[in-house]
Amino acid sequence: MLKNAKQERLIWLDIIITLITSQIMAYFYYGARSAFVAGIAVVTAAATEFICLRLRRKPFTADDLTCTSDAMILTLMVPTVIDYKIMVIACVFAIAVAKNVFGGRKNMIFSPAAAGYVFLLTSWRSQTLQFTEPHVHTGLFEKAANLVSSASHTFNVSGKLEYSNFELLMGNCVGPTGSAYVLLLAISALILLFRRDISAGAFIGSISGTVIMSLLSPTADSFHTSVKYALITNMVLFASVYIVADKRIAPKKDYYAFFYGLFIAIVSYILVLTMAKENAIVIVSLLFTPVALALKNLEKRIENEKKQEEDTAASENEEKLEAETNA
Amino acid sequence: MRKKNLILEGLWNDNTVLSAFMVISPVIICGDTLRNALALIYAFSAITFVSVLISSFVPQRLPYAAKIMIYAVISSIVFIPAKLAAQEFFPGVVERIGIYFPLLAVNSLIVFQTEARFFRMKKSRMMISLISYILGFDAVMLITAFIRELFAYGTINSRMVDMDTLISGLGLPFGGFIFLGLFSGIFRKLRSATERNKDKEDA
(Lines give C-alpha, C1' and ligand atoms only; values in the text may rest on other atoms or scores of the structure.)
Protein backbone atom coordinates (compact mmCIF):
# COMPACT_ATOMS: atom_id res chain seq x y z
CA MET A 1 0.00 0.00 0.00
CA LEU A 2 2.78 2.38 1.06
CA LYS A 3 4.80 1.36 -1.98
CA ASN A 4 1.80 2.10 -4.23
CA ALA A 5 1.25 5.52 -2.67
CA LYS A 6 4.92 6.35 -3.08
CA GLN A 7 4.82 5.15 -6.67
CA GLU A 8 1.82 7.38 -7.43
CA ARG A 9 3.54 10.45 -6.03
CA LEU A 10 6.76 9.72 -7.90
CA ILE A 11 4.86 9.32 -11.18
CA TRP A 12 3.12 12.63 -10.58
CA LEU A 13 6.45 14.29 -9.77
CA ASP A 14 8.11 12.97 -12.96
CA ILE A 15 5.16 14.05 -15.09
CA ILE A 16 4.98 17.50 -13.53
CA ILE A 17 8.73 18.00 -14.13
CA THR A 18 8.36 17.21 -17.84
CA LEU A 19 5.32 19.48 -18.02
CA ILE A 20 7.23 22.32 -16.35
CA THR A 21 9.95 22.04 -18.99
CA SER A 22 7.28 22.51 -21.68
CA GLN A 23 5.92 25.42 -19.68
CA ILE A 24 9.39 27.02 -19.64
CA MET A 25 9.51 26.71 -23.43
CA ALA A 26 6.07 28.30 -23.57
CA TYR A 27 7.37 31.18 -21.45
CA PHE A 28 10.17 31.63 -23.97
CA TYR A 29 7.77 31.70 -26.93
CA TYR A 30 4.70 33.44 -25.48
CA GLY A 31 5.89 35.38 -22.43
CA ALA A 32 4.66 35.69 -18.86
CA ARG A 33 1.02 35.18 -19.83
CA SER A 34 1.59 31.47 -20.44
CA ALA A 35 2.95 31.05 -16.90
CA PHE A 36 0.08 33.11 -15.50
CA VAL A 37 -2.53 30.94 -17.26
CA ALA A 38 -0.78 27.82 -15.93
CA GLY A 39 -0.72 29.30 -12.42
CA ILE A 40 -4.43 30.09 -12.53
CA ALA A 41 -5.22 26.59 -13.82
CA VAL A 42 -3.13 24.87 -11.15
CA VAL A 43 -4.59 26.94 -8.30
CA THR A 44 -8.14 26.42 -9.59
CA ALA A 45 -7.61 22.66 -9.97
CA ALA A 46 -6.15 22.33 -6.46
CA ALA A 47 -8.95 24.43 -4.95
CA THR A 48 -11.62 22.45 -6.82
CA GLU A 49 -10.08 19.15 -5.73
CA PHE A 50 -9.94 20.38 -2.12
CA ILE A 51 -13.60 21.49 -2.15
CA CYS A 52 -14.75 18.26 -3.83
CA LEU A 53 -12.87 16.14 -1.30
CA ARG A 54 -14.34 18.15 1.58
CA LEU A 55 -17.82 17.62 0.13
CA ARG A 56 -17.08 13.91 -0.12
CA ARG A 57 -15.77 14.02 3.47
CA LYS A 58 -12.32 12.83 2.49
CA PRO A 59 -8.97 14.31 3.51
CA PHE A 60 -6.81 16.22 1.04
CA THR A 61 -3.50 14.35 0.85
CA ALA A 62 -0.31 14.86 -1.14
CA ASP A 63 -1.57 12.26 -3.64
CA ASP A 64 -4.47 14.54 -4.50
CA LEU A 65 -2.01 17.02 -5.95
CA THR A 66 -2.11 14.90 -9.13
CA CYS A 67 -4.92 17.25 -10.15
CA THR A 68 -2.27 19.91 -10.76
CA SER A 69 -0.66 17.82 -13.51
CA ASP A 70 -4.07 17.54 -15.19
CA ALA A 71 -4.40 21.32 -15.01
CA MET A 72 -0.92 21.73 -16.50
CA ILE A 73 -1.73 19.34 -19.36
CA LEU A 74 -4.92 21.27 -20.08
CA THR A 75 -3.00 24.57 -20.05
CA LEU A 76 -0.48 23.25 -22.56
CA MET A 77 -3.28 22.24 -24.98
CA VAL A 78 -4.90 25.68 -25.21
CA PRO A 79 -3.71 29.04 -26.59
CA THR A 80 -1.82 31.33 -24.25
CA VAL A 81 -4.29 34.11 -24.98
CA ILE A 82 -7.32 32.18 -23.72
CA ASP A 83 -9.67 34.08 -21.42
CA TYR A 84 -8.79 33.43 -17.76
CA LYS A 85 -12.44 32.88 -16.84
CA ILE A 86 -12.77 30.18 -19.47
CA MET A 87 -9.65 28.47 -18.18
CA VAL A 88 -11.07 28.51 -14.64
CA ILE A 89 -14.39 27.02 -15.81
CA ALA A 90 -12.58 24.31 -17.81
CA CYS A 91 -10.43 23.35 -14.82
CA VAL A 92 -13.45 23.22 -12.51
CA PHE A 93 -15.24 21.04 -15.07
CA ALA A 94 -12.24 18.73 -15.50
CA ILE A 95 -11.65 18.19 -11.78
CA ALA A 96 -15.20 18.33 -10.42
CA VAL A 97 -17.24 16.72 -13.18
CA ALA A 98 -14.82 14.49 -15.07
CA LYS A 99 -12.91 13.31 -12.01
CA ASN A 100 -14.68 13.68 -8.67
CA VAL A 101 -18.24 12.95 -9.77
CA PHE A 102 -17.05 9.51 -10.91
CA GLY A 103 -15.31 8.72 -7.63
CA GLY A 104 -12.09 10.74 -7.70
CA ARG A 105 -8.47 9.73 -7.98
CA LYS A 106 -8.97 6.04 -7.31
CA ASN A 107 -11.83 5.56 -9.76
CA MET A 108 -10.67 7.50 -12.78
CA ILE A 109 -12.75 6.92 -15.90
CA PHE A 110 -11.79 9.88 -18.07
CA SER A 111 -8.58 11.79 -18.39
CA PRO A 112 -9.65 15.06 -16.70
CA ALA A 113 -7.47 17.09 -19.06
CA ALA A 114 -9.04 15.47 -22.15
CA ALA A 115 -12.54 15.99 -20.75
CA GLY A 116 -11.74 19.63 -19.97
CA TYR A 117 -10.36 20.14 -23.47
CA VAL A 118 -13.42 18.63 -25.17
CA PHE A 119 -15.59 20.82 -22.94
CA LEU A 120 -13.61 23.84 -24.12
CA LEU A 121 -13.98 22.74 -27.76
CA THR A 122 -17.74 22.42 -27.49
CA SER A 123 -18.28 25.65 -25.58
CA TRP A 124 -15.57 28.04 -26.82
CA ARG A 125 -14.35 26.56 -30.08
CA SER A 126 -12.93 29.75 -31.59
CA GLN A 127 -11.13 30.73 -28.37
CA THR A 128 -9.63 27.24 -28.12
CA LEU A 129 -8.46 26.97 -31.73
CA GLN A 130 -7.17 30.51 -32.41
CA PHE A 131 -3.55 31.22 -31.56
CA THR A 132 -0.95 33.95 -31.61
CA GLU A 133 2.27 33.50 -33.57
CA PRO A 134 5.29 32.30 -31.55
CA HIS A 135 7.39 35.13 -30.04
CA VAL A 136 4.29 37.36 -29.81
CA HIS A 137 4.13 38.19 -26.13
CA THR A 138 0.64 39.23 -25.06
CA GLY A 139 0.39 41.20 -21.81
CA LEU A 140 -1.31 39.70 -18.79
CA PHE A 141 -4.44 41.82 -19.18
CA GLU A 142 -4.19 42.65 -22.88
CA LYS A 143 -6.54 41.39 -25.57
CA ALA A 144 -4.71 39.45 -28.23
CA ALA A 145 -4.69 40.76 -31.77
CA ASN A 146 -3.96 38.95 -35.05
CA LEU A 147 -5.09 35.51 -34.02
CA VAL A 148 -4.46 32.75 -36.56
CA SER A 149 -5.32 29.09 -37.03
CA SER A 150 -2.83 26.47 -35.92
CA ALA A 151 -0.26 24.70 -38.08
CA SER A 152 -2.32 21.53 -37.60
CA HIS A 153 -5.37 23.22 -39.12
CA THR A 154 -3.31 24.42 -42.09
CA PHE A 155 -1.94 20.92 -42.60
CA ASN A 156 -5.36 19.26 -42.26
CA VAL A 157 -6.86 21.58 -44.85
CA SER A 158 -4.00 21.91 -47.36
CA GLY A 159 -1.73 18.92 -46.64
CA LYS A 160 1.29 21.23 -46.54
CA LEU A 161 3.31 23.06 -43.91
CA GLU A 162 5.71 25.92 -44.55
CA TYR A 163 8.02 25.28 -41.63
CA SER A 164 11.56 23.94 -41.67
CA ASN A 165 12.37 20.71 -39.85
CA PHE A 166 14.30 22.68 -37.23
CA GLU A 167 11.32 24.96 -36.58
CA LEU A 168 9.02 21.96 -36.20
CA LEU A 169 11.48 20.24 -33.91
CA MET A 170 11.71 23.29 -31.67
CA GLY A 171 7.97 23.98 -31.78
CA ASN A 172 8.49 27.32 -33.48
CA CYS A 173 5.11 27.13 -35.25
CA VAL A 174 1.58 28.30 -34.55
CA GLY A 175 -0.15 26.02 -32.10
CA PRO A 176 -1.21 25.37 -28.53
CA THR A 177 0.90 26.66 -25.66
CA GLY A 178 2.98 23.57 -25.09
CA SER A 179 2.09 20.66 -27.33
CA ALA A 180 4.25 21.51 -30.35
CA TYR A 181 7.78 21.14 -28.93
CA VAL A 182 8.58 17.88 -30.68
CA LEU A 183 12.16 17.49 -29.44
CA LEU A 184 11.21 18.23 -25.85
CA LEU A 185 8.19 15.94 -26.06
CA ALA A 186 10.29 13.11 -27.48
CA ILE A 187 12.79 13.46 -24.62
CA SER A 188 9.97 13.67 -22.07
CA ALA A 189 8.37 10.56 -23.57
CA LEU A 190 11.64 8.64 -23.32
CA ILE A 191 12.22 9.71 -19.71
CA LEU A 192 8.66 8.82 -18.70
CA LEU A 193 8.87 5.49 -20.54
CA PHE A 194 12.15 4.49 -18.93
CA ARG A 195 10.91 5.51 -15.50
CA ARG A 196 7.68 3.58 -16.20
CA ASP A 197 5.53 6.63 -15.49
CA ILE A 198 3.37 6.18 -18.58
CA SER A 199 1.87 3.10 -20.18
CA ALA A 200 4.48 1.90 -22.67
CA GLY A 201 1.95 -0.26 -24.48
CA ALA A 202 -0.53 2.56 -25.00
CA PHE A 203 2.18 5.00 -26.08
CA ILE A 204 3.78 2.59 -28.57
CA GLY A 205 0.33 1.54 -29.79
CA SER A 206 -0.69 5.12 -30.41
CA ILE A 207 2.53 5.98 -32.25
CA SER A 208 2.44 2.70 -34.23
CA GLY A 209 -1.20 3.30 -35.22
CA THR A 210 -0.38 6.77 -36.52
CA VAL A 211 2.68 5.53 -38.42
CA ILE A 212 0.80 2.58 -39.95
CA MET A 213 -2.12 4.77 -41.02
CA SER A 214 0.13 7.44 -42.48
CA LEU A 215 1.90 4.73 -44.49
CA LEU A 216 -1.35 3.15 -45.65
CA SER A 217 -3.02 6.43 -46.47
CA PRO A 218 -0.36 9.15 -46.80
CA THR A 219 -1.39 12.77 -46.47
CA ALA A 220 1.78 14.16 -48.10
CA ASP A 221 3.83 13.44 -51.23
CA SER A 222 6.27 10.99 -49.62
CA PHE A 223 5.84 8.40 -46.88
CA HIS A 224 8.54 10.03 -44.81
CA THR A 225 6.85 13.45 -44.88
CA SER A 226 3.46 11.90 -44.23
CA VAL A 227 4.69 10.08 -41.11
CA LYS A 228 6.52 13.18 -39.89
CA TYR A 229 3.51 15.47 -40.18
CA ALA A 230 1.09 12.88 -38.86
CA LEU A 231 3.11 12.61 -35.64
CA ILE A 232 3.85 16.30 -35.23
CA THR A 233 0.47 17.86 -36.02
CA ASN A 234 -2.87 17.57 -34.20
CA MET A 235 -1.17 17.11 -30.81
CA VAL A 236 -0.59 13.41 -31.63
CA LEU A 237 2.73 13.18 -29.80
CA PHE A 238 1.59 15.27 -26.84
CA ALA A 239 -1.68 13.37 -26.42
CA SER A 240 0.09 10.02 -26.87
CA VAL A 241 2.37 10.83 -23.94
CA TYR A 242 0.06 12.60 -21.51
CA ILE A 243 -3.47 11.43 -22.34
CA VAL A 244 -3.48 8.07 -24.17
CA ALA A 245 -0.60 6.64 -22.12
CA ASP A 246 -1.98 7.95 -18.82
CA LYS A 247 -1.48 5.01 -16.46
CA ARG A 248 -4.66 5.86 -14.54
CA ILE A 249 -6.79 5.31 -17.65
CA ALA A 250 -4.97 2.87 -19.96
CA PRO A 251 -5.22 -0.89 -19.40
CA LYS A 252 -2.51 -2.19 -17.07
CA LYS A 253 -0.98 -4.88 -19.26
CA ASP A 254 1.07 -3.61 -22.17
CA TYR A 255 -0.50 -6.11 -24.56
CA TYR A 256 -4.02 -4.69 -24.03
CA ALA A 257 -2.75 -1.13 -23.70
CA PHE A 258 -1.06 -1.46 -27.09
CA PHE A 259 -4.34 -2.23 -28.83
CA TYR A 260 -6.08 0.52 -26.87
CA GLY A 261 -3.51 3.04 -28.13
CA LEU A 262 -3.54 1.56 -31.63
CA PHE A 263 -7.32 1.88 -32.03
CA ILE A 264 -7.30 5.45 -30.72
CA ALA A 265 -4.59 6.40 -33.23
CA ILE A 266 -6.35 4.70 -36.16
CA VAL A 267 -9.75 6.26 -35.45
CA SER A 268 -8.30 9.72 -34.85
CA TYR A 269 -6.22 9.49 -38.06
CA ILE A 270 -9.35 8.60 -40.03
CA LEU A 271 -11.18 11.56 -38.45
CA VAL A 272 -8.35 13.92 -39.40
CA LEU A 273 -8.18 12.48 -42.90
CA THR A 274 -11.91 12.53 -43.66
CA MET A 275 -13.18 15.48 -41.64
CA ALA A 276 -10.00 17.52 -41.04
CA LYS A 277 -10.93 17.37 -37.34
CA GLU A 278 -8.25 19.29 -35.47
CA ASN A 279 -6.69 17.47 -32.47
CA ALA A 280 -9.02 14.50 -33.02
CA ILE A 281 -6.84 12.25 -30.86
CA VAL A 282 -7.96 14.04 -27.69
CA ILE A 283 -11.63 13.63 -28.57
CA VAL A 284 -11.16 9.98 -29.59
CA SER A 285 -9.22 9.13 -26.42
CA LEU A 286 -12.19 10.42 -24.43
CA LEU A 287 -14.64 8.42 -26.54
CA PHE A 288 -12.51 5.29 -26.09
CA THR A 289 -12.99 5.34 -22.33
CA PRO A 290 -15.46 2.41 -22.50
CA VAL A 291 -12.84 0.42 -24.45
CA ALA A 292 -10.27 1.05 -21.71
CA LEU A 293 -12.79 0.00 -19.05
CA ALA A 294 -13.75 -3.13 -21.01
CA LEU A 295 -10.08 -4.09 -21.45
CA LYS A 296 -9.45 -3.54 -17.73
CA ASN A 297 -12.41 -5.81 -16.89
CA LEU A 298 -11.08 -8.42 -19.32
CA GLU A 299 -7.69 -8.25 -17.63
CA LYS A 300 -9.28 -8.76 -14.23
CA ARG A 301 -11.39 -11.68 -15.44
CA ILE A 302 -8.41 -13.43 -17.02
CA GLU A 303 -6.33 -12.88 -13.87
CA ASN A 304 -9.12 -14.30 -11.69
CA GLU A 305 -9.51 -17.33 -13.94
CA LYS A 306 -5.74 -17.94 -13.83
CA LYS A 307 -5.76 -17.68 -10.04
CA GLN A 308 -8.67 -20.11 -9.80
CA GLU A 309 -6.88 -22.58 -12.09
CA GLU A 310 -3.71 -22.28 -10.02
CA ASP A 311 -5.66 -22.78 -6.79
CA THR A 312 -7.44 -25.87 -8.09
CA ALA A 313 -4.15 -27.30 -9.40
CA ALA A 314 -2.49 -26.65 -6.05
CA SER A 315 -5.34 -28.28 -4.11
CA GLU A 316 -5.28 -31.31 -6.46
CA ASN A 317 -1.54 -31.65 -5.89
CA GLU A 318 -2.03 -31.48 -2.13
CA GLU A 319 -4.71 -34.17 -2.31
CA LYS A 320 -2.42 -36.37 -4.39
CA LEU A 321 0.45 -35.91 -1.94
CA GLU A 322 -1.85 -36.72 0.97
CA ALA A 323 -3.07 -39.85 -0.80
CA GLU A 324 0.50 -40.93 -1.53
CA THR A 325 1.62 -40.39 2.06
CA ASN A 326 -1.44 -42.28 3.34
CA ALA A 327 -0.65 -45.18 0.97
CA MET B 1 -50.32 8.47 3.87
CA ARG B 2 -51.39 12.00 4.84
CA LYS B 3 -52.42 14.48 2.14
CA LYS B 4 -49.38 16.68 2.80
CA ASN B 5 -47.10 13.70 2.34
CA LEU B 6 -48.98 12.75 -0.80
CA ILE B 7 -48.32 16.20 -2.29
CA LEU B 8 -44.64 16.11 -1.32
CA GLU B 9 -44.19 12.57 -2.66
CA GLY B 10 -44.05 13.46 -6.37
CA LEU B 11 -42.53 16.89 -5.88
CA TRP B 12 -39.74 16.02 -3.49
CA ASN B 13 -39.44 12.46 -2.11
CA ASP B 14 -39.93 10.53 -5.35
CA ASN B 15 -39.43 13.15 -8.05
CA THR B 16 -40.12 11.75 -11.52
CA VAL B 17 -36.90 13.06 -13.06
CA LEU B 18 -34.42 13.54 -10.24
CA SER B 19 -35.25 10.48 -8.15
CA ALA B 20 -36.59 7.92 -10.54
CA PHE B 21 -34.76 9.15 -13.68
CA MET B 22 -37.97 8.82 -15.69
CA VAL B 23 -38.80 11.07 -18.68
CA ILE B 24 -35.23 12.36 -18.76
CA SER B 25 -34.73 12.44 -22.54
CA PRO B 26 -36.93 15.52 -23.22
CA VAL B 27 -35.28 17.31 -20.29
CA ILE B 28 -31.79 16.56 -21.63
CA ILE B 29 -32.41 17.09 -25.33
CA CYS B 30 -35.10 19.79 -25.42
CA GLY B 31 -34.82 21.45 -22.02
CA ASP B 32 -32.31 24.04 -23.16
CA THR B 33 -34.69 27.01 -23.52
CA LEU B 34 -37.70 28.21 -21.55
CA ARG B 35 -39.86 28.22 -24.70
CA ASN B 36 -39.18 24.54 -25.32
CA ALA B 37 -39.69 23.85 -21.63
CA LEU B 38 -43.07 25.58 -21.49
CA ALA B 39 -44.31 23.67 -24.54
CA LEU B 40 -43.11 20.37 -23.07
CA ILE B 41 -44.58 21.19 -19.65
CA TYR B 42 -47.95 21.93 -21.22
CA ALA B 43 -47.90 18.78 -23.35
CA PHE B 44 -46.63 16.50 -20.57
CA SER B 45 -49.09 17.83 -18.01
CA ALA B 46 -52.13 17.72 -20.32
CA ILE B 47 -51.40 14.33 -21.88
CA THR B 48 -50.40 12.62 -18.62
CA PHE B 49 -53.24 14.00 -16.50
CA VAL B 50 -56.04 13.32 -18.98
CA SER B 51 -54.63 9.94 -20.07
CA VAL B 52 -54.18 8.61 -16.53
CA LEU B 53 -57.60 9.93 -15.55
CA ILE B 54 -59.33 8.18 -18.48
CA SER B 55 -57.18 5.05 -18.07
CA SER B 56 -58.28 4.72 -14.45
CA PHE B 57 -61.70 3.65 -15.74
CA VAL B 58 -60.23 0.69 -17.64
CA PRO B 59 -61.28 -2.54 -15.83
CA GLN B 60 -58.45 -3.80 -13.64
CA ARG B 61 -59.40 -7.44 -14.30
CA LEU B 62 -57.94 -7.29 -17.82
CA PRO B 63 -54.49 -8.87 -18.40
CA TYR B 64 -51.54 -6.55 -17.69
CA ALA B 65 -50.31 -6.52 -21.33
CA ALA B 66 -53.78 -5.62 -22.63
CA LYS B 67 -54.12 -2.81 -20.09
CA ILE B 68 -50.75 -1.30 -21.10
CA MET B 69 -51.82 -1.36 -24.75
CA ILE B 70 -55.13 0.31 -23.90
CA TYR B 71 -53.31 3.01 -21.90
CA ALA B 72 -51.01 3.66 -24.88
CA VAL B 73 -54.00 3.94 -27.22
CA ILE B 74 -55.78 6.34 -24.84
CA SER B 75 -52.71 8.57 -24.47
CA SER B 76 -52.18 8.55 -28.25
CA ILE B 77 -55.73 9.75 -28.74
CA VAL B 78 -55.26 12.44 -26.07
CA PHE B 79 -52.02 13.44 -27.82
CA ILE B 80 -53.86 14.57 -31.02
CA PRO B 81 -55.78 17.56 -29.54
CA ALA B 82 -52.83 18.30 -27.22
CA LYS B 83 -50.52 18.65 -30.23
CA LEU B 84 -53.01 20.80 -32.16
CA ALA B 85 -53.32 23.13 -29.17
CA ALA B 86 -49.53 23.20 -28.74
CA GLN B 87 -49.09 24.24 -32.39
CA GLU B 88 -51.55 27.07 -31.69
CA PHE B 89 -49.99 28.23 -28.40
CA PHE B 90 -46.31 27.55 -29.15
CA PRO B 91 -45.82 28.03 -32.90
CA GLY B 92 -42.56 26.59 -34.18
CA VAL B 93 -41.60 24.97 -30.88
CA VAL B 94 -43.32 21.62 -31.57
CA GLU B 95 -41.30 21.22 -34.79
CA ARG B 96 -38.10 22.12 -32.94
CA ILE B 97 -38.77 19.53 -30.24
CA GLY B 98 -39.29 16.91 -32.95
CA ILE B 99 -39.68 13.25 -31.98
CA TYR B 100 -39.55 14.02 -28.24
CA PHE B 101 -43.00 15.64 -28.43
CA PRO B 102 -44.95 12.53 -29.59
CA LEU B 103 -42.81 10.39 -27.27
CA LEU B 104 -44.46 12.17 -24.33
CA ALA B 105 -47.62 10.21 -25.15
CA VAL B 106 -45.98 7.01 -23.93
CA ASN B 107 -44.05 8.43 -20.99
CA SER B 108 -43.17 6.30 -17.97
CA LEU B 109 -45.80 7.90 -15.71
CA ILE B 110 -48.57 6.65 -18.01
CA VAL B 111 -47.08 3.30 -18.91
CA PHE B 112 -45.52 2.12 -15.63
CA GLN B 113 -46.54 4.30 -12.68
CA THR B 114 -50.25 3.88 -13.41
CA GLU B 115 -50.17 0.17 -12.57
CA ALA B 116 -47.44 0.37 -9.94
CA ARG B 117 -48.86 3.32 -8.04
CA PHE B 118 -51.80 5.43 -9.15
CA PHE B 119 -54.43 2.73 -9.76
CA ARG B 120 -53.81 1.22 -6.36
CA MET B 121 -55.18 4.38 -4.74
CA LYS B 122 -58.64 5.88 -4.34
CA LYS B 123 -59.58 8.29 -7.14
CA SER B 124 -59.28 11.46 -5.03
CA ARG B 125 -55.89 10.48 -3.62
CA MET B 126 -54.76 9.34 -7.07
CA MET B 127 -55.57 12.80 -8.47
CA ILE B 128 -53.52 14.54 -5.79
CA SER B 129 -50.60 12.17 -6.26
CA LEU B 130 -50.75 12.45 -10.04
CA ILE B 131 -50.75 16.26 -9.92
CA SER B 132 -47.83 16.15 -7.50
CA TYR B 133 -45.82 13.90 -9.86
CA ILE B 134 -46.64 16.10 -12.85
CA LEU B 135 -45.62 19.23 -10.92
CA GLY B 136 -42.39 17.48 -9.95
CA PHE B 137 -41.53 17.02 -13.61
CA ASP B 138 -42.64 20.56 -14.48
CA ALA B 139 -40.47 22.13 -11.77
CA VAL B 140 -37.35 20.22 -12.85
CA MET B 141 -37.98 21.05 -16.50
CA LEU B 142 -38.44 24.74 -15.71
CA ILE B 143 -35.35 25.04 -13.51
CA THR B 144 -33.18 23.08 -15.97
CA ALA B 145 -34.33 25.13 -18.95
CA PHE B 146 -33.89 28.43 -17.10
CA ILE B 147 -30.32 27.69 -16.02
CA ARG B 148 -29.27 26.14 -19.33
CA GLU B 149 -30.75 28.96 -21.41
CA LEU B 150 -29.15 31.60 -19.20
CA PHE B 151 -25.66 30.11 -19.24
CA ALA B 152 -25.65 28.60 -22.73
CA TYR B 153 -27.30 31.39 -24.75
CA GLY B 154 -27.30 34.38 -22.38
CA THR B 155 -31.08 34.78 -22.63
CA ILE B 156 -34.15 34.31 -20.45
CA ASN B 157 -37.21 33.30 -22.47
CA SER B 158 -35.41 34.55 -25.60
CA ARG B 159 -34.69 37.99 -24.06
CA MET B 160 -31.03 39.00 -23.96
CA VAL B 161 -29.38 39.19 -20.55
CA ASP B 162 -26.04 40.84 -19.82
CA MET B 163 -23.94 37.70 -19.46
CA ASP B 164 -20.18 38.01 -19.73
CA THR B 165 -19.17 34.41 -20.31
CA LEU B 166 -21.42 31.88 -22.04
CA ILE B 167 -20.96 28.11 -21.79
CA SER B 168 -22.49 27.04 -25.10
CA GLY B 169 -21.77 23.36 -24.35
CA LEU B 170 -24.56 23.52 -21.75
CA GLY B 171 -27.07 23.92 -24.59
CA LEU B 172 -25.94 20.65 -26.17
CA PRO B 173 -27.32 17.23 -25.16
CA PHE B 174 -24.07 16.27 -23.42
CA GLY B 175 -24.25 19.50 -21.39
CA GLY B 176 -27.84 18.70 -20.48
CA PHE B 177 -26.85 15.22 -19.40
CA ILE B 178 -24.06 16.49 -17.17
CA PHE B 179 -26.25 19.25 -15.76
CA LEU B 180 -29.06 16.83 -14.94
CA GLY B 181 -26.59 14.47 -13.28
CA LEU B 182 -25.22 17.25 -11.08
CA PHE B 183 -28.72 18.58 -10.38
CA SER B 184 -29.84 15.11 -9.32
CA GLY B 185 -26.80 14.74 -7.05
CA ILE B 186 -27.49 18.07 -5.33
CA PHE B 187 -31.19 17.21 -5.05
CA ARG B 188 -30.46 13.88 -3.38
CA LYS B 189 -28.00 15.50 -1.00
CA LEU B 190 -30.60 18.12 0.02
CA ARG B 191 -33.30 15.49 0.36
CA SER B 192 -31.20 13.29 2.61
CA ALA B 193 -30.25 16.36 4.70
CA THR B 194 -33.92 17.28 5.23
CA GLU B 195 -34.75 13.67 6.07
CA ARG B 196 -31.96 13.61 8.64
CA ASN B 197 -33.25 16.84 10.20
CA LYS B 198 -36.75 15.40 10.29
CA ASP B 199 -35.52 12.25 12.01
CA LYS B 200 -33.67 14.36 14.59
CA GLU B 201 -36.81 16.42 15.26
CA ASP B 202 -38.90 13.26 15.60
CA ALA B 203 -36.36 11.76 18.00
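Since we're looking at a predicted model, the values are computed, not measured.

Right, let's talk about the overall build of chain B for a bit. Along the backbone of chain B there are nine helices and two strands. Starting at the N terminus and ending at the C terminus, chain B contains elements arranged as α-α-α-α-α-α-α-α-β-β-α. Whereas a compact globule of 203 residues would reach a radius of gyration of roughly 17 Å, chain B reaches 18 Å, a difference of no more than 12%. Dimensions along the principal axes, computed over C-alpha positions, put chain B at roughly 60 × 55 × 25 Å. By residue count, 34% of the 203 residues in chain B fall in the buried class. In chain B, the proportion of contacts linking residues at least 24 apart, taken out of those at least 6 apart, comes to 74%.

Our next topic: the packing of helix α4 (residues 84-100) of chain A against helix α5 (residues 112-123) of chain A. Residue and element names in this part refer to chain A. Two elements in contact, α4 and α5, have axes whose closest approach is 8 Å; the angle formed by their N-to-C orientations is 130°. By the angle between their axes, α4 is oblique relative to α5. Like other packed secondary-structure pairs, α4 and α5 cross with a definite hand, here right-handed. Contacts from I86, A90, C91, F93, A94, I95, A98 and K99 of α4 reach α5 at P112, A113, A115, G116, F119 and L120.

Residue and element names in this part refer to chain A. Core analysis: the largest hydrophobic core is formed by 138 residues, its most contacted members being L74, V241 and V282. At ten residues, the largest contribution of residues to this core is made by helix α13 (residues 254-275). Structurally, this core is a two-domain feature, drawing no fewer than three residues from each of domain 1 (1-148) and domain 2 (159-315). Once residues within four sequence positions are removed from consideration, V241 is found in contact with L185, S188, A189, L192, I198 and F203.

Residues and elements named next belong to chain A. Domain boundaries assigned for chain A yield domain 1 (1-148) and domain 2 (159-315). On the domain 2 side, the residues contacting the 32 residues of domain 1 number 30 residues. The set of elements that each furnish at least two residues to the side of domain 1 that touches domain 2 consists of α1 (2-30), α3 (66-77) and α5. For the side of domain 1 that touches domain 2, the leading source of residues is α1, giving ten residues.

Turning next to the interface of chain A and chain B. Across the contact, seven residues belong to chain A and six residues belong to chain B. If you list the elements that add at least two residues to the side of chain A that touches chain B, you get α4 and α5 of chain A. In terms of residue count, α4 of chain A provides more of the side of chain A that touches chain B than any other element does, four residues in total. Looking at the side of chain A that touches chain B residue by residue, the classes come out as four nonpolar, two polar and one charged.

This brings us to the confidence of the model for chain B. Summary statistics for chain B give a mean pLDDT of 88 and a share of 99% for residues scoring 70 or more. Across the assembled chains, the prediction reports ipTM 0.74 with pTM 0.86.

Conventions adopted
- Residues numbered from 1 in each chain as written.
- Chains lettered and ligands numbered in written order.
- Predicted model: local features only at pLDDT ≥ 70, side-chain atom pairs only at ≥ 80, totals over all residues.
- Helix = DSSP H or I, 4+ residues; strand = E, 2+ residues; numbered from the N terminus.
- Rg over C-alpha atoms; globule rule 2.2 N^0.38 Å.
- Buried ≥ 20, exposed ≤ 12 C-beta atoms within 10 Å, placed from the backbone.
- Contact = placed C-beta atoms within 7 Å.
- Axes fitted to C-alpha atoms, helices over the stretch in contact; angles between N-to-C directions.
- Parallel < 35°, antiparallel > 145°, perpendicular 65-115°, else oblique.
- Left-handed = near helix turned anticlockwise from the far one by under 90°.
- Core = buried A, V, L, I, M, F, W, Y, C linked by C-beta atoms within 7 Å.
- Domains from an automatic or database assignment.
- Nonpolar A, V, L, I, M, F, W, Y, C, P; charged D, E, K, R; others polar.
- pLDDT = per-residue confidence, 0-100.

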